[in-house]
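Coordinate inspection notes
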Amino acid sequence: MKKFLIVLIVLFATTLSFAQDQAHKLNMDRGFFTTDYTIDGQEVDCDAFEQELAKVPEAISKWNTGNVLRYTSWGIAGVGGFIIGYNIVQSQNPAAEDPNAYKRYLGLGGAIIVAAFVMEYIGNSKKDGAVELYNQKIGTITSNDSFSMGIVPTEQGGIALAFNF
């Protein structure tokens, strides 16, 4: 009986030593020019926020997709702005062959910028969804891609030692 208690205490101590990290609540407040990232109410930089978000693989995947969409939209908006600006300058040229041709390109540039705004909105919503997904799933994760042990009930009504890798 004494050996059984010792083994049980060792198993219990081992289970505690591999316990998961504390679950944190992430929050992202998007401003006009800047975004504030907080973990449990404490402001952190973007890198620390992303490291915490990486504990949920689905959330970091959505976050990265949102970043790709946002950065791509900035490039596309720049192209649309260039088309508008270039054609406004060209319309001022007195030697232009067709003085009204710039109007078509102004519409094209404007449409490209509107498409870029839509992509920016979708990217931001993906990032918001990633934060919500993290806050929902972080309490249900049993291990953060590391070794963990625990005593679990079996189908026959007994208990068993479970290893997760």
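Before any of the text, the structure's been laid out above.
Residues numbered from 1 in each chain as written. Predicted model: local features only at pLDDT ≥ 70, side-chain atom pairs only at ≥ 80, totals over all residues. Heavy atoms only, no water.

Quick look at the pattern of salt bridges now. In this structure the tally under the stated criterion is 4 salt bridges. A salt bridge links K55 to E52, with the shortest nitrogen-to-oxygen separation between them at 3.4 Å. Taking relative accessible area as the criterion, K55 reaches 24% and is therefore assigned partly exposed. With a shortest N-O distance of 3.2 Å, E120 and R70 are connected by a salt bridge. In this pair, E120 sits in helix α4 (residues 101-137) while R70 sits in helix α3 (residues 57-91), placing the two residues 50 residues apart along the sequence. When its relative accessible area of 14% is taken as the criterion, R70 is described as buried. (Salt bridge = Lys/Arg side-chain N within 4 Å of Asp/Glu carboxyl O. Buried < 20%, exposed > 50% of the residue type's maximum accessible area, 1.4 Å probe, protein only. Helix = DSSP H or I, 4+ residues; strand = E, 2+ residues; numbered from the N terminus.)

Now for the packing of helix α2 (residues 46-53) against α4. α4 packs onto α2 with a crossing angle of 50 degrees between their chain directions and a minimal axis gap of 10 Å. One element, α2, and the other, α4, form an angle in the oblique class. Once α2 is placed against α4, the crossing between them reads as left-handed. Contact residues: F49, E52 and L53 in α2; A130, V131 and Y134 in α4. (Axes fitted to C-alpha atoms, helices over the stretch in contact; angles between N-to-C directions. Parallel < 35°, antiparallel > 145°, perpendicular 65-115°, else oblique. Left-handed = near helix turned anticlockwise from the far one by under 90°. Contact = heavy atoms within 4.5 Å.)

In spatial order, the strands read β1-β2-β3; together these 3 strands make up an open sheet with antiparallel pairing. In this open sheet, the two edge strands, each paired with only one partner strand, are β1 (26-30) and β3 (42-44). Each adjacent strand pair in this sheet contributes to an overall mean axis angle of 35 degrees, direction not counted. When β1 meets strand β2 (residues 35-39), the two strands line up antiparallel, connected through 5 bridges. Directly across from D29, in β2, lies its bridge partner D36. Strands in contact with α4 are β1 and β2; relative to β1, the strand with the most contacts, it is inclined by about 160 degrees. (Pairing = 2+ DSSP bridges.)

Here the focus is the environment of T154. As for its position among the elements, T154 is in the loop between β4 (148-153) and β5 (159-164). You can call T154 partly exposed: its relative accessible area is 28%. If near-sequence neighbours (up to four positions away) are discounted, T154 is found in contact with I159 and A160.

The geometry of α3 relative to α4 is characterised by a closest axis approach of 7 Å and an angle of 165 degrees between their N-to-C directions. When the interaxial angle is binned, α3 and α4 end up roughly antiparallel. Seen from above, α3 lies across α4 with left-handed handedness. Split into classes, the residues belonging to the contact of α3 with α4 amount to 22 nonpolar, 14 polar and 7 charged. (Nonpolar A, V, L, I, M, F, W, Y, C, P; charged D, E, K, R; others polar.)

Let us now look at the packing of aromatic side chains. Describing an aromatic ring pair means giving the distance of the ring centres and the angle of the ring planes. One pass over the structure, following the stated rule, counts 6 aromatic pairs. Centroid distance F32 to F33: 4.7 Å. Interplanar angle 85 degrees. Geometry classified as edge-to-face. Here F32 and F33 have matching classes, each one exposed. An aromatic cluster is built from Y37, F49 and W63, whose rings are joined through pairwise contacts. Geometry around W63 places K127 over its ring, the cationic atom sitting 4.3 Å from the centre. (Phe/Tyr/Trp six-rings, centres within 6.5 Å; stacked < 30°, edge-to-face > 60°. Lys NZ or Arg CZ within 6 Å of the ring centre and 35° of its normal.)

Where nonpolar side chains cluster on the molecular surface, the patch consists of V114, V118, Y121 and I122 and spans about 400 Å² of accessible area. Among the structural elements, V118 can be located in helix α4. (Patch = residues over 30% accessible without salt bridge, like charges linked within 9 Å, V, L, I, M, F, W, Y side chains within 5 Å. Areas by Shrake-Rupley, 256 points an atom, 1.4 Å probe, with all protein chains shown as cover.)

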